[in-house]
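In case you want the letters, here they are:
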There are 2 protein chains.
Amino acid sequence: MHVTHLECSKCKATYDSDQPAQLCEKCGAPLLVRYDLAKAKADLSKESLKNRKPDLWRYRELLPVEKEENIVTMGEGMTPLLPLKKVGSEIGVNNLFLKDEGILPTGSFKARGAAVGVSRAKELGVKVLAMPTAGNAGGAWSAYCTSAGIEAVIVMPEDAQEINIRECLATGGTTYLVKGIINDAGQIVAQAVKDYGWYDASTLKEPYRIEGKKTMGFEIAEQMGWDVPDVLLYPTGGGVGIIAIQKALQELKQIGWIGDKMPRLVSVQSSACAPIPKAWEEKKAECDYWQDVQTKIPGLRVPKALGDFLVLKSIYETNGCAVAVSDQEALEAQQRLAATEGTFICPEGGSTLAAAEKLVAKGWIKPDEKVVLLNTGSGLKYPDTVQAKPLCIDINDKLPKC
Amino acid sequence: MHVTHLECSKCKATYDSDQPAQLCEKCGAPLLVRYDLAKAKADLSKESLKNRKPDLWRYRELLPVEKEENIVTMGEGMTPLLPLKKVGSEIGVNNLFLKDEGILPTGSFKARGAAVGVSRAKELGVKVLAMPTAGNAGGAWSAYCTSAGIEAVIVMPEDAQEINIRECLATGGTTYLVKGIINDAGQIVAQAVKDYGWYDASTLKEPYRIEGKKTMGFEIAEQMGWDVPDVLLYPTGGGVGIIAIQKALQELKQIGWIGDKMPRLVSVQSSACAPIPKAWEEKKAECDYWQDVQTKIPGLRVPKALGDFLVLKSIYETNGCAVAVSDQEALEAQQRLAATEGTFICPEGGSTLAAAEKLVAKGWIKPDEKVVLLNTGSGLKYPDTVQAKPLCIDINDKLPKC
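What counts and how
Residues numbered from 1 in each chain as written. Chains lettered and ligands numbered in written order. Predicted model: local features only at pLDDT ≥ 70, side-chain atom pairs only at ≥ 80, totals over all residues. Heavy atoms only, no water. UniProt positions renumbered as here; feature names shortened; annotations may be inferred. Helix = DSSP H or I, 4+ residues; strand = E, 2+ residues; numbered from the N terminus. Expected span 1.5 Å × (residues − 1). Buried < 20%, exposed > 50% of the residue type's maximum accessible area, 1.4 Å probe, protein only. Axes fitted to C-alpha atoms, helices over the stretch in contact; angles between N-to-C directions. Left-handed = near helix turned anticlockwise from the far one by under 90°. Contact = heavy atoms within 4.5 Å. Nonpolar A, V, L, I, M, F, W, Y, C, P; charged D, E, K, R; others polar. Pairing = 2+ DSSP bridges. Phe/Tyr/Trp six-rings, centres within 6.5 Å; stacked < 30°, edge-to-face > 60°. Polar contact = N/O pair within 3.5 Å; in protein donor to acceptor, adjacent residues only side chain to side chain. Core = buried A, V, L, I, M, F, W, Y, C linked by side-chain atoms within 4.5 Å.

A short note on the UniProt feature "domain: Tryptophan synthase beta chain-like PALP" (unreviewed entry) in chain A
No. 1: UniProt annotation of "domain: Tryptophan synthase beta chain-like PALP" (unreviewed entry) refers to residues 72-377 of chain A when read in the numbering used here.
No. 2: The straight-line gap between the two end C-alpha atoms of residues 72-377 of chain A is 21 Å; of that span, 44% is helix and 17% is strand.

Observations regarding helix 9 (residues 240-254) of chain A
Think of an α-helix as turning once every 3.6 residues; residues three or four places apart then point the same way.
Residues and elements named next belong to chain A.
No. 1: For helix 9, spanning 15 residues, the distance from its first C-alpha to its last is 21 Å, which sits close to the expected 21 Å at 1.5 Å a residue.
No. 2: The element helix 9 is extensively covered by neighbouring structure, given that twelve of its 15 residues are classed as buried.
No. 3: Those residues of helix 9 that sit buried are Val240, Gly241, Ile242, Ile243, Ala244, Ile245, Gln246, Lys247, Ala248, Leu249, Glu251 and Leu252.
No. 4: Where helix 9 terminates, the next one or two residues include Gly256, which has phi positive at roughly 80°.

With respect to the packing of helix 4 (residues 110-123) of chain A against helix 5 (residues 136-148) of chain A
In a pair of packed helices, the angle between the axes and the distance between the axes together describe the arrangement.
Residues and elements named next belong to chain A.
No. 1: It is at 9 Å that the axes of helix 4 and helix 5 come closest, and there the two elements cross at 35°. Between helix 4 and helix 5 lies a crossing whose hand is right-handed. Contacts between helix 4 and helix 5 involve Lys110, Ala111, Gly113, Ala114, Ala115, Gly117, Val118 and Lys122 from the former and Asn136, Ala137, Ala140, Trp141, Tyr144, Cys145 and Ala148 from the latter.
No. 2: When grouped by side-chain class, the residues that make up the contact of helix 4 with helix 5 number ten nonpolar, three polar and two charged.

Digging into the pairing of strand 3 (residues 31-35) of chain B
All names here are of chain B.
No. 1: The element strand 3 is largely enclosed, with a buried count of four among its five residues.
No. 2: Two strands pair when backbone bridges link them, and strand 1 (residues 3-8) and strand 3 are joined in this way by five bridges, in the antiparallel orientation. Its bridge partner lying in strand 3, His5 is registered against Arg34.

Quick notes on the UniProt feature "modified residue: N6-(pyridoxal phosphate)lysine" (unreviewed entry) in chain A
Residues and elements named next belong to chain A.
No. 1: Here the UniProt-annotated "modified residue: N6-(pyridoxal phosphate)lysine" (unreviewed entry) positions come out as Lys110.
No. 2: Relative to the assigned elements, Lys110 resides in helix 4.
No. 3: Beyond its immediate stretch of four places on either side in the chain, Lys110 contacts Asn136, Ala137, Ala140, Arg209 and Lys213.

Examining the packing of aromatic side chains
Residue and element names in this part refer to chain B.
No. 1: Using the criterion set out here, one finds eight aromatic pairs over all chains in the structure.
No. 2: On the basis of an interplanar angle of 55° and a centroid distance of 6.5 Å, the ring pair of Phe109 and Tyr234 is categorised as tilted. Of the two residues, Phe109 sits in the loop between strand 5 (95-100) and helix 4 (110-123) while Tyr234 sits in strand 10 (residues 231-235), which places them 125 residues apart along the sequence.
No. 3: Centre to centre, the rings of Trp226 and Trp257 are 4.8 Å apart; their planes meet at 75°, and the pair counts as edge-to-face. Taken as a pair, Trp226 in the loop between helix 8 (209-223) and strand 10 and Trp257 in the loop between helix 9 (240-254) and strand 11 (264-270) lie far apart in primary sequence, 31 residues in all. Here the two residues Trp226 and Trp257 agree in accessibility, since each one is buried.

Description of unusual backbone geometry
No. 1: The backbone phi angle of Lys12(A) is positive, close to 70°, even though this residue is not glycine.
No. 2: Here Trp226(B), not a glycine, exhibits a phi torsion of approximately 55°, which is positive.
No. 3: Judged by relative accessible area, Trp226(B) falls into the buried class, the value being 16%.

So, the environment of Gln22(B)
Residue and element names in this part refer to chain B.
No. 1: Tracing the backbone shows Gln22 in the loop between strand 2 (14-15) and strand 3.
No. 2: Accessibility expressed as a relative area gives 25% for Gln22, which makes it partly exposed.
No. 3: In contact with Gln22, not counting residues within four places along its chain, are Leu31, Trp198, Tyr199, Asp200, Lys205 and Glu206.
No. 4: Looking at Gln22, its side chain comes within polar contact range of the main-chain nitrogen of Asp200, at 2.8 Å.
No. 5: Looking at Gln22, its side chain comes within polar contact range of the main-chain oxygen of Lys205, at 2.9 Å.

Quick look at the nonpolar core
No. 1: Counting residues in each nonpolar core, the largest one holds 127 residues, and the members touching the most others are Leu129(A), Trp141(A), Leu252(A), Leu96(B), Leu233(B) and Leu373(B).
No. 2: Per element, the largest residue contribution to this core is eight residues, and it comes from helix 9 of chain A.
No. 3: Ignoring sequence-local partners within four residues, the contact set of Leu233(B) consists of Val266(B), Val268(B), Thr352(B), Ala355(B), Ala356(B), Leu359(B), Val371(B), Val372(B), Leu373(B) and Leu374(B).
No. 4: Of all hydrophobic cores here, the second largest spans 100 residues; its members include Leu63(B), Leu124(B), Phe309(B) and Leu312(B).

Here is the structure:
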């Protein structure tokens, strides 16, 4: 393992990486994992990757798990990068791709953060961890913790989707439903963490989830022949993925596997909860708390992310932007993708297509640019987004010709 | 492409492969695709696979699609082969693995058959296809047909799972619900095929679905270092997969990539619909129609498969066996896997663990044998199998210590 230390993303204070760590003790910001990249470069070659399994552990020299026996895996990683020829042509982008994270264990990109986060927690001797969640993170962390032999305490708001609740229960998480909203779940977890010394696995409150999400960036670069797209659109709730993808590409640049070019990173949110687009329009370094969260899209219901300043930094540094689309636009884009390309993705993923269309109309995306939409989960976890009804027939009916 | 012709699986009559074909015109049995394996061997090397994407098209020399432009793909294939250390140790199998087909586009192994079947249908100029389905096949064929620009007419019994109906609708299939059972759906499709000349994509009524399913066998062999397990357990409805896996391994043997050893193939069904175990116990070459289908496990509700004689043949030829487990045993095994290993699979997949346990108890499976359980789909498509309930708390409650 080539981890050297943990570094505060804000005040740059450093911490040992061989103890469980949460937020920076000095300023309360998230910690980032730092590596001896020269050593990693010496130990890893593009050629050697060819002999490795198509899961995210193929990049193990750039991941924070020391001993192989601590790796907790369900085969996560190397999700497809699908060309969207039909939809691309419809919206005027000749090289449009979908990085489809719905095809992962637990049906969402949360599996990456959980695989690496839980593996490292196991390595550090964690016995119990807790987290608030409104959706896919709960199922993923519950599943990987069970595999690791760690007890996962998952606290969800009562309006969480039924499938997410059932997934946590099935995979052995101790699952609580609180009569309140996600913030209430967060406070209950914070109290228990304080009272019992549990490991806090809330978004960005431990440093290793980012490392798992980073592998999305590694894979996109590898799948593009060690190149990067011109534009990458990311549906943003907590924002871990966009921070992680930038970190991944910076690390690849430092080991010389890709050039200086970075994709313009685009953060997409719902206009019914758009703290990042608002801050970006106002050229601010961090967000105001979004008072009235109205979006019904579960992954986008985050009024102010702990890592908001890092998301904004990744946008500013890459000459990206932030876009708000309505829930309706996101849902229509999701349905359009399914009905045109056959890929049934989640509404969060749909928002990126809606945003790409707006950016093309503005001329911000050019027709020949390589554009990647990041889909964070499977539509199968969002059955209620399907509005169409089947045609009902009797056993003696004949089908009409078509 | 190295396809030479189609061959009847029963009477050995041969057919051209460059026209759409359905069942044998002489005897009504399914057709199998035959290849020039010497040519395929010359064109494909184990080494060259290392430079290919981790999807099922990596084996294209042994698949029936001629032109790359006809390939319809959503990145399907190379699902993980997961060691089940904890459950294996509990049931007394030291090398127990799960081939987890839940991690595929559309959430089930049906994606393989659909990817190859639809690609070849596109190549042959098919414009409309139809199929009866009670579940996952409908969603898969609907999705791939939409991607291919083929119209899919999907007919389901009214008691089909809601998620399967919605998946078909979302992905653009023309979806009918018939007030009857799966056999009624089959008859309605057969009539429309006759009336309108549609392509019949029912199980085994076209020869290419098997070719897609075959890749499960290729992958297991590749993942085991071009070796085969001692025992492979397969949940059997229509039985395409078990037929296909045997065909795959026979082809690998013929090109010299694996030795003579074949896994003992085990067909697992529900005791509430067990035509294959009954026929196997009676040493018959084909099944009686199972009059009273009581199993609630959707993929196992097949009273007599069109390819039953091929399933039985694969069992006899490999010294395998057929096992019936109760629905309750299958569901308990599914829940046990999720709660022990974290993998949330479907009840069909669960049945294989229940069957393995019975075979260990009998001494039919030895402790040091390599045993593969084939899981056909994601538990996320079976939310009703989760019986546990979350713990409800108030916003001022504290969590108990654990």
